[in-house]
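Structural description and commentary
So you can see what is in the structure, the chains are spelled out below.
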Amino acid sequence: MNKEDLYHLRYFIVLGVLLTGFYIYSASVGWKWVGSTRTEKEKSSTTHGGPGSHRYYIHK
Amino acid sequence: MISQIGNDMIPVLTSTCPKCGHLNEPRGKAMTLAMTCTKCGTYFHRGQWNDEEVLFKENIKPALPLGARGTFNNRTYIILGFTVKRDRRYSYRWREYTLFNPVDGVAYLSEYDGHWNFIKPVEGNPKGNTRGYEFNAEGRSFRLYQKYKTEIVFASGEFFYDIFKASDLTTTEEYISPPILLGCEYENKSMLWYRGEYIESSAVAAAFQISKDVMPEQSGTGYTQPFFKARFSDTSLVQVTALFALLLVGIQLLSSNWAERKVVYNQTISMKDIATDSKMISSGSFTLSGGTKSVLVSVASPIDNDWFYADFTLVNENTGEEYNFSQEIGYYYGYEGGESWSEGANHGEAFLSRIPAGTYHINIYPEFSRSNYFSVSIVHDVSPGMNLLFALLILCAFPIGYFIWKHYRERSRWSDSDYSPYDA
């Protein structure tokens with residue numbers, strides 16, 4: 001591996017650096033790229049125990 | 001013939017054509033030892049009038065005119081000679097231009113099927129004592145591509161040696177590691193190595209400031225033609241890929257090691273625990289700390305040829321954000337056609353990515369078939385190990401694709417060689 005080879009591989013090296021960076025980020029936030037469970041996200045104005053809560057909860 | 005100048009006996013090589021008597025003016029001055037007459041085209045040795053003068057049967061016009069000046073590597077060369085050579089065994093032809101620079105000396109441009117190589121003699125023996133078809137030099141692996149003896153078909157211009165004698169006596173071996181070639185011309189007592197490098201036709205035209213339209217049409221794959229404009233060795237590509245792969249594996253090991261895998265909820269729930277009106281059950285509050293992380297929800301039920309289904313809502317009590325998801329498990333087995341079969345499992349997992357820190361609870365809306373209880377566990381901060389597989393696939397996509405593509409292109413390149421590594 002010499003400097004000229006590294007120069008000509010620069011785009012691949014940039015890909016490797018970006019991939020590694022994204023991999024570290026994913027590991028730090030627990031982001032599973034494939035096979036993560038699909039969730040539907042909602043914003044509720046009535047959180048558990050909050051004012052206006054009309055849900056009935058049984059705690060286990 | 002030796003001419004005399006003044007009173008001193010200074011040998012001067014004459015440039016008068018022995019055939020037509022035309023006085024030629026060689027650009028290479030005293031270095032020119034053989035040339036063709038600019039008037040009648042006869043090839044002759046300066047100072048040696050004998051039977052070796054040659055009048056060619058063909059008159060071939062060079063694509064690059066004699067006397068043209070071109071710049072390569074910041075050196076300006078003048079074209080002194082042009083030869084058309086033929087392989088004595090296979091009869092294919094190529095063209096060579098002899099270039100000269102007063103400081104750098106002689107160089108050559110060879111052209112075959114519109115593919116060009118810029119060639120310069122080198123000192124020493126790059127192959128050393130290595131035997132066989134392969135050797136390493138310049139950090140690259142070179143392999144013998146062709147071995148031949150040449151025949152001069154046509155020549156014009158000036159030459160620093162007798163090209164006919166050289167072609168008669170010498171055998172040439174050319175080793176390639178595209179875009180580089182290392183060639184060796186040898187006879188019994190001498191050996192001359194040269195180094196060539198592929199050069200684009202457009203670059204040759206630009207060097208001589210001539211139109212690309214007059215350049216020979218390109219066809220096929222040049223034997224030193226790089227497949228990419230980017231030039232790197234296979235070893236370097238493998239090394240860089242391996243470096244990143246090791247880095248990713250190392251990061252995965254560290255992240256798996258550092259992942260907390262904290263069980264924040266673990267409960268077995270029976271049907272009678274479910275509120276009859278809402279048909280749901282809610283966990284108590286639990287805290288997910290340490291920033292945004294993953295959450296793994298595992299469900300298990302003692303199902304037997306049965307299924308279990310539940311909707312879940314993970315509620316962030318701080319922000320009101322709700323994450324709705326479902327989980328279905330089924331386990332079936334039987335005996336059919338003399339064989340036992342089974343499918344599914346009595347447990348399943350839901351992996352939730354990027355769940356922010358906060359205080360949460362989870363609402364569960366189960367649907368039972370025949371079983372009457374199930375268990376749920378919630379684990380915070382689980383390392384998504386499968387990412388490593390996909391990262392490695394992304395990383396290796398280019399090298400794998402490159403090597404597959406290169407394999408087929410290399411087969412094509414070596415198909416004209418007697419020394420192809422692809423031949424059994």
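Along each chain, numbering runs from 1 in the same order as the chain's sequence is written. Each chain is given a letter, starting from A, and each ligand a number, starting from 1, according to the order in which they appear as written. Per-residue local features of the predicted model are confined to residues with pLDDT of at least 70, and side-chain atom pairs are confined, for both listing and counting, to 80 or more; whole-chain, interface and lining totals are unaffected and use all residues. Only hydrogens and water are set aside when side-chain values are computed; all heavy atoms of the structure are taken into account.

**Some remarks on the overall build of chain B**
- The helix and strand inventory of chain B stands at four helices and 25 strands.
- In this scheme, a residue with accessible area under 20% of its type's maximum is buried, one over 50% is exposed, and one in between is partly exposed, where area comes from a 1.4 Å probe on protein chains only. Of all 424 residues assigned to chain B, the portion counted as buried reaches 47%.
- Per-residue and other accessible areas follow the Shrake-Rupley method at a 1.4 Å probe size, with only the shown protein chains counted as cover for residues. Surface accessibility of chain B: about 21800 Å² in total, with carbon and sulfur atoms responsible for 51%. For the purposes of this entry, the term helix denotes a DSSP run of H or I that reaches at least four residues, the term strand denotes a run of E that reaches at least two, and both are numbered from the N terminus.

**Looking at the sheet that holds strand 25 (residues 373-380) of chain B**
Residues and elements named next belong to chain B.
- DSSP calls a pair of strands paired once it identifies at least 2 bridges connecting them. If you trace the four strands from one edge of the open sheet to the other, you get 16-25-19-23, paired in antiparallel fashion. Bordering the open sheet on either side are strand 16 (262-270) and strand 23 (347-355), each of which pairs with just one other strand. Strand-to-strand twist across the sheet, computed as the mean angle between neighbouring axes with direction ignored, equals 15°.
- Pairing analysis gives six bridges linking strand 19 (residues 293-300) to strand 25, with the strands arranged antiparallel. Residue pairing in the sheet places Ser298 in a bridge with Ser377 of strand 25. Axis angles are defined between N-to-C directions and span 0 to 180 degrees, where every axis is a line fitted to C-alpha atoms and, for a helix, only to the segment in contact.

**Considerations on a nonpolar patch on the surface**
- Residues Met386, Leu389 and Leu393 of chain B make up a contiguous nonpolar surface patch of about 280 Å² in total accessible area.
- Inspection of the secondary structure puts Leu393 of chain B in helix 4 (residues 386-414). Excluding any residue in a salt bridge, patches collect residues exceeding 30% relative accessible area, merging like charges within 9 Å and nonpolar Val, Leu, Ile, Met, Phe, Trp and Tyr side chains within 5 Å. The term salt bridge refers to a pairing of a side-chain nitrogen on Lys or Arg with a carboxyl oxygen on Asp or Glu at a separation within 4 Å.

**Section: the confidence of the model for chain B**
Residue and element names in this part refer to chain B.
- Here chain B averages 90 in pLDDT, while 95% of its residues score no lower than 70.
- The predictor rates its confidence in each residue with pLDDT, a number between 0 and 100. Here a residue-residue contact requires only that any non-hydrogen atoms of the pair lie within 4.5 Å. Of the regions scoring below 50 in pLDDT, residues 1-11 engages in 15 contacts with residues more than four places distant in sequence or in other chains.
- We note a pTM of 0.66 for the whole complex and an ipTM of 0.80 for its interfaces.

**Describing the pairing of strand 15 (residues 191-199) of chain B**
Residue and element names in this part refer to chain B.
- Sheet topology note: the strand 9 (residues 115-122)/strand 15 ladder contains seven bridges and is antiparallel. Its bridge partner being in strand 15, Pro121 is matched across the sheet by Tyr194.
- Bridge analysis of strand 14 (residues 180-186) against strand 15 gives seven bridges, and the strand direction is antiparallel. When the bridges of strand 15 are listed, Ile180 appears paired with Glu197.
- Where strand 14 hands over to strand 15, the hairpin turn is made up of four residues, counted between the paired strands.

**Notes on the state of the cysteines**
All names here are of chain B.
- Criterion for a disulfide: a pair of cysteine sulfur atoms within 2.5 Å. In total, this model carries zero disulfides over all chains according to the counting rule given.
- Cysteine Cys17 remains unbridged, with the sulfur of Cys40 as its closest cysteine sulfur at 3.5 Å.
- Classification of Cys17 as buried rests on a relative accessible area of 3%.
- Looking at the unpaired Cys37, the closest cysteine sulfur is the one in Cys20, lying at 3.5 Å.

**Focus on the packing of aromatic side chains**
- Pairing of aromatic side chains requires ring centres within 6.5 Å, counting the rings of Phe and Tyr and the six-membered ring of Trp. Pairs whose planes differ by under 30 degrees are stacked, by over 60 edge-to-face, and all others tilted. Across all of its chains, the model carries 38 aromatic pairs over all chains by this definition.
- A ring pair is formed by Phe312 of chain B and Phe325 of chain B, whose centres lie 5.0 Å apart and whose planes are at 5°; its orientation type is stacked. A residue pair is termed long-range when its members are at least 10 positions apart, and Phe312 of chain B in strand 20 (residues 306-316) and Phe325 of chain B in strand 21 (residues 321-336) qualify at 13 residues. For the pair Phe312 of chain B and Phe325 of chain B, one class covers both residues: buried.
- Pairwise contacts between aromatic rings join Tyr43, Phe56, Phe82, Tyr97, Trp116, Phe154, Phe159 and Phe164 of chain B into one cluster.
- We count a charge as sitting over a ring when the NZ of a lysine or the CZ of an arginine lies within 6 Å of the ring centre and within 35 degrees of the ring normal. Stacked on the ring of Tyr7 of chain A, the Lys or Arg Arg10 of chain A has its end atom at 4.1 Å from the ring centre.
- Taking NZ or CZ as reference, Arg143 of chain B lies 6.0 Å from the ring centre of Trp414 of chain B, over its face.

**Some words on the pattern of salt bridges**
- This model, assessed by the stated rule, comprises 14 salt bridges over all chains.
- Each member of the salt-bridge network shares a partner with another, and the members are Arg75, Asp104 and Lys120 of chain B.

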